[in-house]
Amino acid sequence: MANEITEAFAQQYSDNFIMLCQQKKSRLESTVRVDSGIVGASKTVERMGSSTAQIRTTRHGDSPIMDTPFSRRWVDLADYEWGDMVDEADKIKLLPDPTSTVVATGIAALNRSKDAVIIAAARGSARVGTGASATTTALPSGQKIAHGSAGMTLAKLITARGLLGRAEAYNADDPGDELVMVCSMEQIENMLNITGITSADYNSVKALMTGTINTFMGFTFKITQLLPKVGNERYCLAYVKSGIVLGIGADIKSQVAARPDKSFSVYAYGAMSLGAVRTEEEKVVEVSCNEA
């Protein structure tokens with residue numbers, strides 16, 4: 001059965017209970033705006049557009065009212081949970097107690113769900129408006145860079161940076177904002193194989209691969225294999241930190257308890273409540289890359 005852990009019996013295997021290869025922490029939570037402590041099923045993200053100052057032409061004239069445009073988007077929360085059991089009879093046969101590793105596995109699964117929610121919000125449709133005017137807004141084609149039968153290239157990075165820059169999506173005057181590029185390891189390998197890349201660029205990309213630095217061309221790079229892939233097309237993301245809001249109703253909580261209804265087997269449980277939304281289309285760029 002799925003919940004049996006006979007493969008870890010101490011008399012047959014090592015006395016170390018090892019977690020197999022997996023992403024254990026959220027890599028994207030720090031790259032978006034986090035709104036925690038949300039009460040209820042949804043919360044609005046209030047947006048204010050730009051306006052233009054006017055020249056005063058009359059002394060003691062009327063004060064101007066510029067009608068600055070306001071709008072709102074919605075963070076809709078969903079509940080996520082994870083649970084698994086360790087049979088008490090199995091625990092007796094194990095030298096190490098696997099309970100702590102089981103909990104760590106559950107927390108890792110929930111952390112990956114955080115990143116999946118952020119990725120889905122960046123690429124998906126955002127809920128906007130209220131009441132009868134409520135609708136959804138998709139990421140437009142103008143914010144998508146085609147794969148062009150190529151992996152990650154300098155041209156794609158330059159184009160993504162240009163789209164964000166021309167829209168004034170990135171505010172360099174705000175120290176809390178940053179440019180983010182989310183890709184898989186293959187795209188880093190693509191850049192290492194670019195013909196004509198300068199030695200300085202090559203060293204920077206090589207450092208990205210080894211993890212000694214995480215920036216290149218103004219982007220903070222985050223490498224994850226959680227990005228969607230359809231066929232040979234991997235959908236990478238370039239965005240500004242303020243372009244995505246992660247709303248948290250309840251962060252990850254875990255519990256371990258014996259279940260009387262399951263012969264007192266130890267049950268590990270974890271849960272969280274969260275959602276995410278794209279605040280502006282101009283702050284997100286989808287970069288498609290060919291990946292075999």
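Our structure is the block above this text.
Because the structure is a prediction, the values reported are computed rather than measured.

Caption draft 1: Spotlight on the nonpolar core. Residues Met-191, Phe-221, Tyr-239 and Val-287 are the most contacted members of the largest nonpolar core, which totals 47 residues. Membership of the second largest hydrophobic core comes to seven residues, among which are Ile-38, Val-75, Ala-126 and Val-277.

Caption draft 2: Local environment of the packing of aromatic side chains. Overall, the coordinates contain two aromatic pairs when judged by the stated rule. Ring geometry for Phe-216 and Phe-221: centres 6.5 Å apart, planes at 55 degrees, overall tilted. As far as the burial class goes, Phe-216 and Phe-221 line up, both buried. Between the NZ or CZ atom of Arg-123 and the centre of the ring of Tyr-235, over which it lies, the distance is 4.4 Å. Its end group placed over the ring of Tyr-267, Arg-259 keeps NZ or CZ at 5.0 Å from the ring centre.

Caption draft 3: Just the packing of helix 4 (residues 185–192) against helix 5 (residues 199–210), in detail. In contact at an axis separation of 9 Å, helix 4 and helix 5 are set at 155 degrees when each is read in the N-to-C sense. By the criterion of interaxial angle, the relationship of helix 4 to helix 5 is roughly antiparallel. Handedness of the crossing formed by helix 4 with helix 5: left-handed. Only Tyr-202, Val-205, Lys-206, Leu-208 and Met-209 of helix 5 make contact with helix 4, whose side of the interface consists of Met-185, Ile-188, Glu-189, Met-191 and Leu-192. Among the residues making up the contact of helix 4 with helix 5, the classes are represented as eight nonpolar, no polar and two charged.

Caption draft 4: Molecular detail of the pairing of strand 13 (residues 244–259). Judged from the four bridges that link them, strand 1 (residues 33–36) and strand 13 form a sheet pairing that is parallel. Bridging across to strand 13, Asp-35 finds its partner in Gly-247. Summarising the sheet, strand 13 and strand 14 (residues 265–278) pair through 13 bridges and their orientation is antiparallel. Bridge pairing in strand 14 links Gly-247 to Gly-275. Taking the residues between adjacent antiparallel strands as the criterion, strand 13 and strand 14 are bridged by five residues, where Ser-263 takes a positive phi near 55 degrees.

Thresholds, definitions, all that
- Residues numbered from 1 in each chain as written.
- Predicted model: local features only at pLDDT ≥ 70, side-chain atom pairs only at ≥ 80, totals over all residues.
- Heavy atoms only, no water.
- Core = buried A, V, L, I, M, F, W, Y, C linked by side-chain atoms within 4.5 Å.
- Buried < 20%, exposed > 50% of the residue type's maximum accessible area, 1.4 Å probe, protein only.
- Phe/Tyr/Trp six-rings, centres within 6.5 Å; stacked < 30°, edge-to-face > 60°.
- Lys NZ or Arg CZ within 6 Å of the ring centre and 35° of its normal.
- Axes fitted to C-alpha atoms, helices over the stretch in contact; angles between N-to-C directions.
- Helix = DSSP H or I, 4+ residues; strand = E, 2+ residues; numbered from the N terminus.
- Parallel < 35°, antiparallel > 145°, perpendicular 65-115°, else oblique.
- Left-handed = near helix turned anticlockwise from the far one by under 90°.
- Contact = heavy atoms within 4.5 Å.
- Nonpolar A, V, L, I, M, F, W, Y, C, P; charged D, E, K, R; others polar.
- Pairing = 2+ DSSP bridges.

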